Amino acid sequence: MLKAEGIHKSYNGLNVLKGIDLSIKESEVVSIVGSSGAGKSTLLHILGTLDKPDKGGVYFGDKEVSSLSQKRLSQFRNEQIGFIFQFHNLFPEFTAIENVCIPAYIRGVKGAEKRATELLKILGLLDRKDHKPSELSGGEQQRVSVARALINDPSIVFADEPSGNLDSQSADDLHNLFFDLRNKMGQTFVIVTHNMELAGMADRKLEIKDGIITS
Ligand code: ADP
């Protein structure tokens, strides 16, 4: 489904990624680990088409994404990719269901509210759908951001330290949710994490060290 070949990236002379090769299969849950500053977020942003490598290519199917224009790339990202961040980045003035619907409104599809309601139900948030983020717990806010990541039925979801800001029970619930979504919906996940329990639960754990994948 996704392949990266020879990814290099440096910032101000600091070589962060020095030739990353990887491939992700459909319905896989892959974790990316490594010490702080190893380049995990940099790699995730490049795989998620939010950033470009200096050298190397990212392929979805047989399509190399850097060949797409900015406009096509934004559309591709909106339709094919979901993102979950450590800090949920929900809009505070919108309710849970409105936040979930935003990527679908951008895409211009009909029936966003129905799909959002289904997702909030699956995620156990139906009775919270009209609450604003400030009225939700950290775990609930993060589950809203999972629903938002899934609203356009993405091929792949990238998560950057999704449980980094949660208490251990909410983190466990969120981790189990990822595997539930994979088992029930075949959802593919690539997850950067410091949480060794989550990293170990994944089908494959990739470690970045000295700019390359060591295992
Ligand atoms: P990790 O996610 O593994 O903690 P990052 O990918 O965030 O690591 O960062 C890797 C290295 O690249 C760090 O030294 C960081 O300071 C540097 N870096 C990341 N993004 C930028 C940027 N936009 N500008 C300059 N340096 C950056």
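The notes below deal with the structure included here. (Residues numbered from 1 in each chain as written. Predicted model: local features only at pLDDT ≥ 70, side-chain atom pairs only at ≥ 80, totals over all residues. Heavy atoms only, no water.)

**Some remarks on helix α6 (residues 168–185)**
The criterion, for reference: Working definition: helices are DSSP H or I runs of at least four residues, strands are E runs of at least two. Numbering for both runs from the N terminus. Here the expected span of a helix is defined as 1.5 Å times the quantity of residues minus one. We call a residue buried when its accessible area falls under 20% of the maximum for its residue type, exposed when it is over 50%, and partly exposed in between, using a 1.4 Å probe and counting protein chains only. Any two residues having at least one pair of non-hydrogen atoms within 4.5 Å are treated as being in contact. In the analysis that follows, any N or O atom pair within 3.5 Å is treated as a polar contact, provided that within protein one partner can donate a hydrogen and the other can accept it, and provided that, for residues neighboring in sequence, both atoms belong to side chains.
Between its terminal C-alpha atoms α6 stretches 25 Å, which fits the 26 Å expected from 18 residues at 1.5 Å a residue. Of all the positions in α6, only Ser 170, Ala 171, Leu 174, His 175, Leu 177, Phe 178, Phe 179, Leu 181 and Arg 182 are classed as buried. Tucked inside the fold, the buried residues of α6 contact β3 (29–33), β6 (81–84), α4 (112–122), α5 (138–150), β8 (188–192) and α7 (196–201). The N-terminus of α6 is capped by Asp 167, whose side-chain oxygen sits 3.1 Å from the backbone nitrogen of Gln 169. After α6 finishes, the residue Gly 186 shows a positive phi value of roughly 70°.

**Points about unusual backbone geometry**
Although it is not a glycine, Glu 161 sits at a positive phi angle of roughly 50°. In this fold, Glu 161 is placed in the loop between β7 (156–160) and α6. When its relative accessible area of 11% is taken as the criterion, Glu 161 is described as buried. Phi is positive for Asp 210, which is not a glycine, with a value near 50°. Checked against the element boundaries, Asp 210 lands in the loop between β9 (204–209) and β10 (212–213).

**Here's the deal with the sheet that holds β9**
We apply this condition: For two strands to be treated as a pair, DSSP must find at least two bridges joining them. To get an axis, fit a line to the C-alpha atoms, keeping to the stretch in contact for a helix; angles then go from 0 to 180 degrees between the N-to-C directions.
Taken in spatial order, the six strands make up an open sheet running β6-β7-β8-β3-β9-β10, and their pairing is mixed. At either end of the open sheet lies a strand with only one pairing partner, and these are β6 and β10. The pairing of β7 with β8 spans five bridges and is parallel. The residue of β8 that forms the bridge with Ile 156 is Thr 188. Contacts from α5 reach β6 and β7, with the element oriented near 170° to β6.

**Brief notes about the site of the ligand**
Put simply, the rule reads: Near is defined per residue: the residue qualifies when any heavy atom it owns lies within 4 Å of the molecule or strand. The Shrake-Rupley method, run with a 1.4 Å probe sphere, supplies the accessible areas, and residue values consider only the shown protein chains as cover. Charged residues are taken to be Asp, Glu, Lys and Arg, nonpolar residues to be Ala, Val, Leu, Ile, Met, Phe, Trp, Tyr, Cys and Pro, and polar residues to be all remaining types, Gly included.
The environment of the ligand is formed by Tyr 11, Leu 14, Val 16, Ser 35, Ser 36, Gly 37, Ala 38, Gly 39, Lys 40, Ser 41 and Thr 42. In the environment of the ligand, an oxygen atom lies 3.1 Å from a nitrogen or oxygen atom belonging to the backbone of Ala 38. Ser 41 is positioned with one of its backbone polar atoms (N or O) 2.9 Å from an oxygen atom of the ligand. For the ligand, the protein covers 58% of the area, taking 560 Å² as the surface of the free molecule. Secondary structure elements with two or more residues in the shell around the ligand: β2 (14–24) and α1 (40–47). Broken down by class, the residue content of the shell around the ligand amounts to four nonpolar, six polar and one charged.

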